[in-house]
Protein chains: 2
Amino acid sequence: MTEDWLDTIKWDDKGLVPAIAQDKDSGKILMMAWMNRESLAMTKNTGHAVYWSRSRGKLWHKGESSGHEQTVHSMRVDCDADVVLLRVEQKGGIACHTGRHNCFYRELREGEWVEIEPVLKDPKAIYGI
Amino acid sequence: MTEDWLDTIKWDDKGLVPAIAQDKDSGKILMMAWMNRESLAMTKNTGHAVYWSRSRGKLWHKGESSGHEQTVHSMRVDCDADVVLLRVEQKGGIACHTGRHNCFYRELREGEWVEIEPVLKDPKAIYGI
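Predicted model, so just to flag it, every value in this text is computed and none were measured. (Residues numbered from 1 in each chain as written. Chains lettered and ligands numbered in written order. Predicted model: local features only at pLDDT ≥ 70, side-chain atom pairs only at ≥ 80, totals over all residues. Heavy atoms only, no water.)

Engineer: I would appreciate a short explanation of the overall build of chain A in the present structure.
Structural biologist: Looking only at helices and strands, chain A features three helices and eight strands. Each helix and strand of chain A, ordered N terminal to C terminal, gives the series α-β-β-α-β-β-β-β-β-β-α. The C-alpha radius of gyration computed for chain A amounts to 15 Å, which stays within 12% of the reference 14 Å derived for 129 residues, consistent with globular compactness. Projected onto its principal axes, the C-alpha positions of chain A cover 45 × 35 × 30 Å. Residues counted as buried form 51% of the 129 residues belonging to chain A. Within chain A, residue pairs in contact and separated by at least 24 positions form 43% of the contacts whose partners lie at least 6 positions apart. Carbon and sulfur atoms make up 47% of the accessible area of chain A, which amounts to about 6,200 Å² in all. Taken together, the 18 basic and 20 acidic charged side chains of chain A have centroids lying 4 Å from each other. (Helix = DSSP H or I, 4+ residues; strand = E, 2+ residues; numbered from the N terminus. Rg over C-alpha atoms; globule rule 2.2 N^0.38 Å. Buried < 20%, exposed > 50% of the residue type's maximum accessible area, 1.4 Å probe, protein only. Contact = heavy atoms within 4.5 Å. Areas by Shrake-Rupley, 256 points an atom, 1.4 Å probe, with all protein chains shown as cover. Lys, Arg positive; Asp, Glu negative; His and termini not counted. Charge placed at Lys NZ, Arg CZ, Asp CG, Glu CD.)

Engineer: How do you make sense of the relation of the copies chain B and chain A when you look at a structure like this?
Structural biologist: One copy of the chain maps onto the second through a rotation around an axis plus a translation along that axis. For these two chains of identical sequence, chain B goes onto chain A by a turn of 180 degrees and a shift of 0.0 Å along the axis, with RMSD 0.0 Å. Seen this way, the second copy is the image of the first under a two-fold rotation axis. The C-alpha atom lying nearest the rotation axis in chain B is that of Gly27(B); the distance is 2.9 Å. A share of 100% of interface residues in chain B that are also interface residues in chain A marks the association as one of identical surfaces. (Least-squares fit on C-alpha atoms with pLDDT ≥ 70 in both.)

Engineer: Can you help me understand the interface of chain B and chain A in this one?
Structural biologist: Tallying the contact residues gives 40 residues for chain B and 40 residues for chain A. With both chains or domains summed, chain B and chain A bury close to 3,500 Å², and 64% of this area falls on carbon and sulfur atoms. For chain B, the biggest contributors to the area lost against chain A are Arg76(B), Phe104(B) and Trp113(B); these three give 21% of the whole. Remark: the boundary between chain B and chain A carries eight salt bridges. Two residues, Arg54(B) and Asp82(A), come together in a salt bridge whose shortest N-O distance is 3.4 Å. For the side of chain B that touches chain A, the secondary structure elements donating two or more residues are helix H1 (4-8), strand S1 (16-23), strand S2 (29-36), strand S5 (70-77), strand S6 (84-90) and strand S7 (106-109) of chain B. The leading source of residues in the side of chain B that touches chain A is S5(B), at four residues. Across the side of chain B that touches chain A, the residue classes break down as 22 nonpolar, seven polar and 11 charged. Where strand S7 (residues 106-109) of chain A meets S5(B), two bridges bridge the pair, whose relative direction is antiparallel. (Buried area = accessible area lost by both parts, 1.4 Å probe. Salt bridge = Lys/Arg side-chain N within 4 Å of Asp/Glu carboxyl O. Nonpolar A, V, L, I, M, F, W, Y, C, P; charged D, E, K, R; others polar. Pairing = 2+ DSSP bridges.)

What follows is the structure, encoded as structure tokens:
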């Protein structure tokens, strides 16, 4: 299989590209993380989202600790080829490490960030801490 | 008005944060661009999306050339406070400089990026070139 599709991507100066994960059913934005070439290739080959953890400096198989994997149904790239969009099925319905459906749970209201999405499962129970 | 909400944001080493624009009605992801502190403050104060153009190195009032402004209905931030999500009303229904509804018009099919969204308006007509 040719890797032309990977060469299309305009990787940033760190060799990364932002990847947005959108719930395929609700259309909600679950999260945004980063991918390097290897993780994007693995995402395609395995059918599950694999990111690059900038904080840990290693591949991050989404769900490896939590069990909350993301099955990838489609992948898109934007006009500048520097952002990737995944439509995913979110296992457990929880994408965020805080135990919420998605990571965008704070909304700006009257000049303050207000938490407006519920915690669905205690992170301690998710990660067995 | 306090600027605590701006201090919450974890700006990257270039003073920027990725901003995802989502169509408030269809839920489609229109585009992802970048904001610095000034552009995010202006977005809130004007109610219209203002980005930071990395290629031009200046503020970019979305729609300043095309007329395709984005009216911002809500702003969210993610768990790590390093990504912003805007729910917007897209004037003209065209977010992309290619004349398409959104920038994610290429999908990976059988190992190739395939254009699957139509051009709604000729860019030459949009930008008067």
